[in-house]
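# Geometric and topological summary
Listed below are the residues making up each chain.
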Amino acid sequence: MKSVELPRFRLYFLHPQFWPTWLLVGFLYGLSWLPFRLQLALGRGLGWLFYKIMPKRVAVARRNLELCFPDMPIPEREILLRENFANTGIALFETGMAWWWPDWRMRRKLQVEGWEHIERCAAEGKGVFLLLFHFLCLEVHARAFGLVKPSVGLYRPHNNAVMEYLQTRGRSRSNKFMIQRKDVRSMLASLDAGEVAGYLPDQDYGRHRSVFVPLFNVPDACTTTGTTIFAAGAHCETLISTCERLPGSQGYRLTIYPPEHPIPSGDETTDAIHVNREVERAIRTMPNMYMWVHRRFKTRPTDELKSYYPKKQRRKDS
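Note that the coordinates shown come from a computational prediction; the quantities given were computed from them, not determined experimentally.

A tally of helices and strands in the chain yields 12 helices and nine strands. Taken over C-alpha atoms, the radius of gyration comes to 20 Å for the chain, in line with the 20 Å a tight globule of 318 residues would show. Its C-alpha atoms give the chain principal-axis dimensions of roughly 50 × 50 × 40 Å. Long-range pairs, those at least 24 residues apart, make up 76% of the contacts in the chain with a sequence separation of at least 6. Carbon together with sulfur atoms contributes 56% to the accessible area of the chain, which is approximately 15,600 Å² in total. Counting 45 positive and 31 negative side-chain charges, the chain places the averaged centre of each group 9 Å from the other.

Here it is as structure tokens:
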């Protein structure tokens, strides 16, 4: 199997074009050593600032909530929206925690449930095709899982060379290796070798290798069929993992559980429906933690259909 080697530091990274990146990252690194409770408070404040200065992103999140929860009273949706942006601010601090906290500090904030499912798959000689979803503490999720069992995951290179260096090393901390997201063969080989391999099936990746199936109240959410390719193509079992930030400063709960319906089912459309049901189930447990700022429903079955988003939102988030 072909993994992405950890990038090495290059003198090129000191070029003036990267100074703003180093300044921002250095600031985040310093903040990551503050007390956990203080980081949460600062993150909420940053989220409030995001809510004030990013109106187009706010509009996208508001529209997503409207599409998914049309029966929810508007005042309740607005409260959920503000909570979501508070958590978006915290997510920036959580990136620093995930990339730079020592193992002992992360473990002190971690609870694990459902680990028996991972152990059972290992005893049976199976790999684990692990479905994760785009919740705001995703960086902590990957780090926390690796602390219990180092794993592998698909990977999208960053356009900024310094950020590519930092994010690849940060996301590989406590885990084994990463695979470029288009390298299907290496992902399948990893699963056949008994690895736990993470996959995120809950964003709109365009019409290629996708089907249009319901998600909440949206009847035609563009949903990848990549789940079927991996789940059916290797000797593995599909499990789901979520990571919840606990109240106060308790930390995080990592949970692993099987899907309600077996994946693969033998049909890629049925699998996509089952995946979206799992996304719904996870979101209902913590709706204020999902990444609502992404245009999840940007791709329609045909170009002739009206966009779910107003033009002023599309221009910014295309």
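For helix α9 (residues 184-192), the complete set of buried residues consists of S186, M187, L188, S190 and L191. Buried residues belonging to α9 abut β2 (127-131), β3 (152-155), β4 (177-180), β5 (196-199), α10 (226-233) and β8 (236-245). Trailing α9 by a residue or two, G194 shows a phi angle of about 90 degrees, which is positive.

A word on the UniProt feature "transmembrane region" (unreviewed entry) in the chain. Following the UniProt record, the feature "transmembrane region" (unreviewed entry) maps to residues 12-30 here. Each end of residues 12-30 is marked by a C-alpha atom, and these two atoms are 23 Å apart; helix forms 63% of the span and strand 0%.

This part is about the side chain of S210. Mapped onto the secondary structure, S210 falls in strand β6 (residues 210-215). A polar contact of 2.7 Å, which involves the side chain of S210, links it to the backbone oxygen of G206. Ignoring anything within four residues of it in the chain, the contact list for S210 reads C222, T223, T224 and T225.

Attention shifts here to a nonpolar patch on the surface. Together, F9, L11 and L14 make up a nonpolar patch on the protein surface, roughly 340 Å² of accessible area in all. Among the secondary structure elements, L11 is positioned in the segment before α1 (19-31).

Glancing now at the pairing of β2. Counting buried positions along β2 yields five of five residues, so the element is predominantly enclosed. Going residue by residue along β2, you find G127, F129 and L131 tucked away on one face and V128 and L130 tucked away on the opposite face as well. Here β2 runs beside β8; their pairing, made up of five bridges, is parallel. In the strand pairing of β8, V128 is matched with E237. Alignment of β2 against β5, held across four bridges, turns out to be parallel. Following the sheet pairing, V128 is matched in β5 by V196.

Its boundaries defined by the atoms lining it, the second largest pocket holds a volume of some 200 Å³. Residue lining of the second largest pocket: 14 residues in total, with R44, N87, R245, L246 and N288 positioned closest to the centre. Of all the secondary structure elements, the ones that give two or more residues to the lining of the second largest pocket are α2 (36-53), α4 (74-100) and β8. Here the lining of the second largest pocket takes four residues from α4, the largest share from any one element. Residue classes in the lining of the second largest pocket are distributed as seven nonpolar, three polar and four charged.

In the UniProt entry, the feature "short sequence motif: HXXXXD motif" (unreviewed entry) is given for residues 134-139. As annotated, residues 134-139 comprises 33% helix and 0% strand, and the C-alpha atoms at either end are separated by 10 Å.

One open sheet accounts for seven strands, arranged β1-β9-β8-β2-β5-β3-β4; its pairing is mixed. Both edges of this open sheet fall to β1 (110-113) and β4, since each of them pairs with a single strand only. Within this sheet the neighbouring strands show an average axis-to-axis angle of 30 degrees, counted without direction. Against the sheet, α10 makes contact with β2, β3, β5 and β8, and its axis sits at roughly 165 degrees relative to β2, the strand it touches most.

A few words on the packing of α1 against α4. Axes are the key here: two packed helices are described by the angle between their axes and the distance separating the axes. For the pair α1 and α4, interaxial distance at closest approach is 9 Å and the crossing angle is 80 degrees. By the angle class used here, α1 and α4 are roughly perpendicular. Counting all contacts with α1, which are made through V25, L28, Y29 and L31, the residues of α4 involved are L92, F93, G96 and W100. In terms of residue class, the contact of α1 with α4 is made up of seven nonpolar, one polar and no charged.

Quick look at helix α8 (residues 161-172) now. Given 3.6 residues per turn, any residue in an α-helix points the same way as the ones three and four places further on. Taking 1.5 Å per residue as the helical rise, α8 with its 12 residues ought to reach 16 Å, and the 17 Å between its terminal C-alpha atoms agrees with that figure. Across the 12 residues of α8, 10 count as buried, placing the element largely inside the fold. Every buried residue of α8 is accounted for by A161, V162, M163, E164, Y165, L166, Q167, T168, G170 and S172. One side-chain oxygen at the N-terminal end of α8 lies 2.9 Å from the backbone nitrogen of V162; it belongs to N160. Directly beyond the C-terminal end of α8, a positive phi value near 75 degrees is found at S174.

The rules we used
- Within each chain, residues carry numbers counting from 1 in the order of the written sequence.
- Local features in a predicted model are, by the rule used here, given only for residues with pLDDT of at least 70; side-chain atom pairs are given and counted only at 80 or more, and totals for whole chains, interfaces and linings are based on all residues.
- In computing side-chain values, all of the structure's heavy atoms are included and hydrogens and water are not.
- Only DSSP runs of H or I with at least four residues qualify as helices, and only runs of E with at least two residues qualify as strands; both kinds are numbered from the N terminus onward.
- Each radius of gyration is computed over the set of C-alpha atoms, and the globule rule expresses the reference value as 2.2 Å times the number of residues to the power 0.38.
- By definition in these notes, contact holds between two residues if any of their heavy atoms fall within 4.5 Å.
- Each accessible area value is a Shrake-Rupley result obtained with a 1.4 Å probe; residue values ignore everything except the protein chains displayed when judging cover.
- Charged residues are defined narrowly, with Lys and Arg counted positive, Asp and Glu counted negative, and His plus the chain ends left uncounted.
- To locate a charge, the coordinates of NZ of Lys, CZ of Arg, CG of Asp or CD of Glu are taken.
- Only protein chains enter the accessibility calculation, which uses a 1.4 Å probe; a residue whose area is less than 20% of its type maximum is buried, one above 50% is exposed, and one in between is partly exposed.
- UniProt positions are given in the numbering used here, feature names are shortened, and annotations may be inferred rather than shown by experiment.
- As used in this structure description, the phrase polar contact means that two N or O atoms lie within 3.5 Å; if the pair is within protein, one of them must be able to donate a hydrogen and the other to accept it, and residues adjacent in sequence are counted only when both atoms belong to side chains.
- Each patch is built from residues that are more than 30% exposed by relative accessible area and take part in no salt bridge. Like charges join if they lie within 9 Å; nonpolar side chains (Val, Leu, Ile, Met, Phe, Trp, Tyr) join within 5 Å.
- Think of a salt bridge as a Lys or Arg side-chain nitrogen and an Asp or Glu carboxyl oxygen that are within 4 Å of each other.
- Any two strands are treated as partners once DSSP identifies two or more bridges connecting them.
- Cavities and pockets are found on a 1 Å grid laid over the protein atoms alone: a cavity is a set of points where a 1.4 Å probe fits but cannot escape, a pocket is an open set with protein on both sides within 12 Å along at least five of seven lines, and a lining residue has an atom within 4 Å of such a point.
- Grid points are joined across faces, edges and corners, and a volume is the space filled by probe spheres set on the points.
- Under the grouping applied here, Gly and all other residues not named as nonpolar or charged are polar, the nonpolar ones being Ala, Val, Leu, Ile, Met, Phe, Trp, Tyr, Cys and Pro and the charged ones Asp, Glu, Lys and Arg.
- Here the axes come from fitting lines to C-alpha atoms, over the contacting stretch only for helices, and the angles between their N-to-C directions go from 0 to 180 degrees.
- Any angle that is under 35 degrees is reported as roughly parallel, and any over 145 degrees as roughly antiparallel; angles of 65 to 115 degrees are reported as roughly perpendicular and all others as oblique.
- By definition here, a helix of n residues has an expected span of 1.5 Å times n minus one.

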